[in-house]
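Residue strings, one per chain:
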Amino acid sequence: MIKVINGDITKLTVDAIVNAANSSCLGGGGVDGAIHKAGGPEILKECRKIIEKIRYLQPGNAVITTGGNLPAKFVIHTVGPVWKGGNFREEFILKSAYLSALKLADQKNIKTIAFPNISTGIFGFPKYIAAEIAIDTVRNYLKNPTNIEEVIFVCFDEENYRIYKELLAL
Ligand code: ADP
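Attention in this report is confined to the structure presented alongside it. Note that the structure is a prediction, hence the values are computed from the model and not measured. (Residues numbered from 1 in each chain as written. Predicted model: local features only at pLDDT ≥ 70, side-chain atom pairs only at ≥ 80, totals over all residues. Heavy atoms only, no water.)

## Brief notes about the sheet that holds strand E6 (residues 150-155)
Read from one edge to the other, the open sheet built from six strands follows the order E1-E6-E5-E2-E4-E3, with strand pairing classed as mixed. Of all strands in the sheet, those with a lone pairing partner are strand E1 (2-6) and strand E3 (62-66), marking the two edges. Taken pair by pair, the neighbouring strands of this sheet meet at an average axis angle of 25°, ignoring direction. In the sheet, strand E5 (residues 112-115) pairs with E6 via four bridges, with the strands oriented parallel. In the sheet register, Phe115 faces E6, and the bridge partner there is Phe153. (Pairing = 2+ DSSP bridges. Helix = DSSP H or I, 4+ residues; strand = E, 2+ residues; numbered from the N terminus. Axes fitted to C-alpha atoms, helices over the stretch in contact; angles between N-to-C directions.)

In structure tokens form, the structure reads like this:
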């Protein structure tokens, strides 16, 4: 049910990929930039509509759009915390980001979902702790009845890939 791969999340044929967005939801660097670039303008158009309604996407929350030109049908946009040393509810917000994406996927009857290593790029969250939170949150979620059949952790760098393999005991 849980897999880890080393690669580019925009290439995956799954029901949904998760985007590590920012609160503006209008694109940015890192995986966010890569998703909008590969997915085309339809994703941004839907993001704009959502933002007109909610003003900004709070860290820990998630919204869903089309996958546009991506092989994935949907993109679930969530915002992780910026790491500020660990005393600003960063761990709680990261857990909420994973949980919100999983719950939204479940509501939409999504069966296969891929996550990037949220917050471990530009947002500076320590990779090992982030991986522990990601794996723990997904494992606990999958213990309960769910429509989700497969969760893929997509690592873009060797360090995250090594950490995930170690923690998943692969
Ligand atoms: P954040 O602002 O949440 O830290 P980043 O996009 O900077 O978001 O980084 C999140 C993670 O996504 C990092 O581990 C980064 O290496 C990874 N990443 C960047 N591009 C891609 C991609 N195309 N596919 C999968 N992961 C990616």
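## Focus on helix H4 (residues 127-142)
In a regular helix each residue adds 1.5 Å, so 16 residues correspond to 22 Å; H4 covers 22 Å between its end C-alpha atoms and thus fits that length. Those residues of H4 not exposed but buried are Ala130, Ala131, Ile133, Ala134, Ile135, Thr137, Val138, Tyr141 and Leu142. Against the buried residues of H4 lie E1, helix H3 (90-107), E5, E6 and helix H5 (158-167). (Expected span 1.5 Å × (residues − 1). Buried < 20%, exposed > 50% of the residue type's maximum accessible area, 1.4 Å probe, protein only. Contact = heavy atoms within 4.5 Å.)

## Some remarks on unusual backbone geometry
Backbone phi values are negative for most residues with the exception of glycine, while trans is the configuration of most peptide bonds. Of note, Arg89 is a non-glycine position whose phi angle comes to about 60°, a positive value. As for its placement among the helices and strands, Arg89 is situated in the loop between strand E4 (74-78) and H3. Arg89 gets classed as exposed once you look at its relative accessible area, which sits at 55%.

## Description of the packing of H3 against H4
Two elements in contact, H3 and H4, have axes whose closest approach is 9 Å; the angle formed by their N-to-C orientations is 35°. Seen from above, H3 lies across H4 with right-handed handedness. Of the residues in H4, those touching H3 at Glu91, Leu94, Lys95, Tyr98, Leu99, Leu102, Lys103 and Asp106 are Ile129, Ala130, Ile133, Ala134, Thr137, Val138 and Tyr141. For the contact of H3 with H4, the class distribution of residues is ten nonpolar, one polar and four charged. (Left-handed = near helix turned anticlockwise from the far one by under 90°. Nonpolar A, V, L, I, M, F, W, Y, C, P; charged D, E, K, R; others polar.)

## A closer look at the nonpolar core
In terms of nonpolar packing, the biggest core is built from 33 residues, with Ile76, Ile113, Phe115, Phe153 and Tyr164 touching the most fellow members. Of all the secondary structure elements, the ones that give two or more residues to this core are strand E2 (16-20), E3, H3, E5, H4, E6 and H5. If you tally residues by element for this core, the top one is H4, at eight residues. The contacts of Ile113, once residues within four sequence positions are left out, are Ala16, Val18, Ile76, Ala101, Ala105, Ile148, Glu150, Val151 and Ile152. Core analysis: the second largest hydrophobic core is formed by 19 residues, Ile9, Ile17, Val75 and Ile152 among them. (Core = buried A, V, L, I, M, F, W, Y, C linked by side-chain atoms within 4.5 Å.)

## Re helix H2 (residues 41-54)
Taking 1.5 Å of rise per residue, 14 residues should cover 20 Å, and H2 covers 20 Å from first to last C-alpha, within 8% of that figure. Among all positions of H2, only Ile43, Cys47, Ile50 and Ile51 are buried. Here the buried residues of H2 occupy an arc of 100° about the axis, which is enough to place them on one side. For H2, the exposed residues lying more than 90 degrees away from the buried face are Pro41, Lys49, Glu52 and Lys53. Residues of H2 that are buried sit in contact with helix H1 (30-39), E3 and E4. (Arc of directions from axis to C-beta.)

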